[in-house]
Amino acid sequence: MRAVTRNPLADPGLLGVDAAASAAVVFGIGVVGLAGFGSLVWFSFVGAALTTVIVYVLGASGRAGPGRCAARRPGPRCARA
């Protein structure tokens, strides 16, 4: 998770990946009516994977913003922001 977000403080619990996996399992039990362990594992995996993709997309959309300019030398791209 730290490599995906390029944040040394990133943690799956902090980003909600484990909560999404749990919510997917609850959805599988409550709405779909699954009872087998194997199918619940797949629901958990899909919930965690979808959340990871959402976190990556949201993080990638903000990489060119003004926050990135403070971490490096000011350049022409940072002056426009």
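Please refer to the structure higher up on the page.
The following paragraphs examine the structure supplied in this document. (Residues numbered from 1 in each chain as written. Predicted model: local features only at pLDDT ≥ 70, side-chain atom pairs only at ≥ 80, totals over all residues. Heavy atoms only, no water.)

## Thoughts on the overall build of the protein chain
Okay, step 1: Across its full length, the protein chain carries 5 helices and 0 strands.
Okay, step 2: Order of helices (α) and strands (β) in the protein chain, N terminus to C terminus: α-α-α-α-α.
Okay, step 3: Burial status across the protein chain gives 17% buried among its 81 residues.
Okay, step 4: Within the protein chain, counting contacts between residues at least 6 apart in sequence, those at least 24 apart form 38% of the total.
Okay, step 5: For the protein chain, the computed accessible surface area is about 6000 Å², with 69% contributed by carbon and sulfur atoms. (Helix = DSSP H or I, 4+ residues; strand = E, 2+ residues; numbered from the N terminus. Buried < 20%, exposed > 50% of the residue type's maximum accessible area, 1.4 Å probe, protein only. Contact = heavy atoms within 4.5 Å. Areas by Shrake-Rupley, 256 points an atom, 1.4 Å probe, with all protein chains shown as cover.)

## Details of the packing of helix 3 (residues 17-32) against helix 4 (residues 37-61)
Okay, step 1: Two elements in contact, helix 3 and helix 4, have axes whose closest approach is 7 Å; the angle formed by their N-to-C orientations is 135°. Classified by the angle their axes make, helix 3 and helix 4 are oblique. As helix 3 packs across helix 4, the resulting crossing turns out to be right-handed. On helix 4, the residues that touch Val17, Ala20, Ala21, Ala24, Val25, Phe27, Gly28, Ile29 and Val32 of helix 3 are Leu40, Phe43, Ser44, Gly47, Ala48, Thr51 and Thr52.
Okay, step 2: Looking at side-chain class alone, the contact of helix 3 with helix 4 contains 11 nonpolar, 5 polar and no charged residues. (Axes fitted to C-alpha atoms, helices over the stretch in contact; angles between N-to-C directions. Parallel < 35°, antiparallel > 145°, perpendicular 65-115°, else oblique. Left-handed = near helix turned anticlockwise from the far one by under 90°. Nonpolar A, V, L, I, M, F, W, Y, C, P; charged D, E, K, R; others polar.)

## Points about helix 4
Okay, step 1: For helix 4, with 25 residues, the first-to-last C-alpha span of 36 Å sits near the 36 Å given by 1.5 Å per residue.
Okay, step 2: Buried within helix 4 are the following residues: Leu40, Gly47, Ala48, Thr51 and Val55. (Expected span 1.5 Å × (residues − 1).)

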